[in-house]
Amino acid sequence: MVDVHSAAGVQVPDSTLANEATQLVRDSTSDLIYDHSRRVYFFGSLQGRNRDLSFDPELLYVAAMFHDLGLGEPFHDSGRRFEVDGADEARRFLQARSVPEDSIRRVWTAIALHTTPGIPEFLEPEVALVTAGVETDVLGIGYHEISEAERSAVVALHPRPDFKNRILGAFTDGVRPKPETAFGNVKADVLAHYVPGFERGDFVRTILDSPWPE
């Protein structure tokens, strides 16, 4: 029988909070996002081990599980970046369970910044490791820092069939309805590839065309 609570020496927290997070994400997202989110937790934990970081597994798990929730249809007309939508949902979830405010802040920041490279690595371990897990699973950054046996164990538990194309499709579907939220971040690349007629925002033009006379 497969142990769905551990892989590669990493254990999923067995707590009411973690179990309720699992159930919520399982019920409200696709298999693609669910499996990806779980892999982000496992890979983030493994990268934390490699970097000798001390982190709260429960907070890392909740942040990993919620990090792509904002791609879902309920948020398509929010007008906000999907990262913020997911972070706000996680905050509501944690506040309803009387989690301390500092812990909520860490989870919110981890989710909100997970597509903003160059910053999370300098913040709290939970923030850094959500991004590290995402980078490993989506971009292959740190791929060789995790052993083949560890990668295989995680993927055996949460497979990634045609993952590259399917996750790009999920990104496109999640951001297409609010293209303005792609300005200045990596999702503009996704829309440029997959949405005909998308016009990328230009930071320089925004400055030059501002109402200021000089």
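Details of the structure are given in the entry above.
Colleague: What is the right way to look at the side chain of threonine 181 in this model?
Modeller: Among the structural elements, threonine 181 can be located in the loop between helix H8 (163-175) and helix H9 (187-194). A residue is classified by how much of its surface remains accessible, and threonine 181, at 10% relative accessible area, is buried. The contacts of threonine 181, once residues within four sequence positions are left out, are Gly79, Arg80, Arg81 and Val175.

Colleague: Is there a simple way to explain the packing of helix H5 (residues 101-112) against helix H6 (residues 125-139) in this structure?
Modeller: A pair of packed helices can be characterised by two numbers: the angle between their axes and the separation between those axes. Axis separation between H5 and H6 bottoms out at 8 Å; the angle between their running directions is 30°. By the criterion of interaxial angle, the relationship of H5 to H6 is roughly parallel. Judged by the twist between their axes, the crossing of H5 over H6 is right-handed. Every residue of H6 that contacts H5 at Arg106, Thr109 and Ala110 is listed here: Pro125, Glu126, Val127 and Val130. For the contact of H5 with H6, a count of residues per class yields four nonpolar, one polar and two charged.

Colleague: So what exactly am I meant to see when it comes to unusual backbone geometry here?
Modeller: Comment: phi is negative for the bulk of residues other than glycine, and the bulk of peptide bonds are trans. The phi dihedral of serine 98 falls on the positive side, at around 55°, and the residue is not glycine. With a phi close to 50°, aspartate 162 is a non-glycine residue in the positive phi region. By the element assignment, aspartate 162 lies in the loop between helix H7 (148-157) and H8.

Colleague: Any chance you could explain the layout of surface pockets here in plain terms?
Modeller: A volume near 450 Å³ is recorded for the largest pocket. Forming the walls of the largest pocket are 23 residues, and the residues nearest its centre are Val138, Leu139, Phe171, Val186 and Lys187. Looking at the lining of the largest pocket, the elements that each hand over two or more residues are H6, H8 and H9. Looking at the lining of the largest pocket, its residues break down into eleven nonpolar, seven polar and five charged.

Colleague: Can you walk me through the pattern of salt bridges in this structure?
Modeller: If charged atoms from side chains of opposite charge come close, those side chains can pair. Here the structure, examined in full by the defined rule, presents 18 salt bridges. Aspartate 137 serves as the salt-bridge partner of arginine 39, at 2.8 Å between the closest nitrogen and oxygen. With arginine 39 in helix H2 (residues 31-50) and aspartate 137 in helix H6, the pair connects residues that are 98 residues apart, well separated along the chain. Each member of the pair arginine 39 and aspartate 137 is classed as buried.

Colleague: It is not clear to me how the packing of aromatic side chains should be interpreted in this structure. Could you clarify?
Modeller: In this description, an aromatic ring pair is defined by two values, namely the gap between the centres and the angle between the planes. Throughout the structure, instances matching the rule amount to three aromatic pairs. Taking the centre distance of 5.1 Å and the plane angle of 85° together, the rings of tyrosine 41 and tyrosine 61 count as edge-to-face. With tyrosine 41 in helix H2 and tyrosine 61 in helix H3 (residues 57-66), this residue pair connects regions lying 20 residues apart in the sequence. Each member of the pair tyrosine 41 and tyrosine 61 is classed as buried. Ring-pair connections join several aromatic residues into one group, and the members of that group are Tyr41, Phe42 and Tyr61. When the ring centre of phenylalanine 163 is taken as origin, the NZ or CZ atom of arginine 39, which lies over that ring, is 4.7 Å away.

About the criteria used
- Throughout, a residue's number is its position along its own chain's written sequence, starting from 1.
- pLDDT decides what is reported in this predicted model: residues at 70 or higher carry local features, side-chain atom pairs at 80 or more are listed and counted, and totals for whole chains, interfaces and linings draw on all residues regardless.
- Side-chain measures here rest on the full set of heavy atoms in the structure, leaving out hydrogens and waters.
- The helix count covers DSSP runs of H or I at least four residues long, the strand count covers runs of E at least two residues long, and both are numbered beginning at the N terminus.
- When accessible area is computed with a 1.4 Å probe and restricted to protein chains, residues below 20% of their type maximum are described as buried, those above 50% as exposed, and intermediate ones as partly exposed.
- Residues count as neighbours in contact if any of their non-hydrogen atoms are within 4.5 Å of one another.
- Only the stretch in contact is used when fitting a helix axis, every axis being a line fitted to C-alpha atoms; angles between N-to-C directions are given from 0 to 180 degrees.
- Angle categories: roughly parallel below 35 degrees, roughly antiparallel above 145, roughly perpendicular from 65 to 115, and oblique for all the rest.
- The handedness criterion is simple: a crossing whose near helix is rotated anticlockwise from the far helix by less than a right angle is left-handed, and one whose near helix is rotated clockwise is right-handed.
- Basically, the charged four are Asp, Glu, Lys and Arg, the nonpolar ten are Ala, Val, Leu, Ile, Met, Phe, Trp, Tyr, Cys and Pro, and anything else, Gly included, counts as polar.
- With a 1 Å grid laid over protein atoms only, a set of points is called a cavity when a 1.4 Å probe fits there but cannot get out and a pocket when it is open yet has protein on both sides within 12 Å along at least five of seven lines; lining residues have an atom within 4 Å of a point.
- Grid points are joined across faces, edges and corners, and a volume is the space filled by probe spheres set on the points.
- In what follows, salt bridge is the name for a side-chain nitrogen of Lys or Arg lying within 4 Å of a carboxyl oxygen of Asp or Glu.
- Note on aromatic contacts: the rings of Phe and Tyr and the six-membered ring of Trp form a pair at centre separations within 6.5 Å, being stacked when their planes are under 30 degrees apart, edge-to-face when over 60 apart, and tilted otherwise.
- Placement of a positive charge over a ring is assigned whenever Lys NZ or Arg CZ falls within 6 Å of the ring centre and within 35 degrees of the normal to the ring plane.

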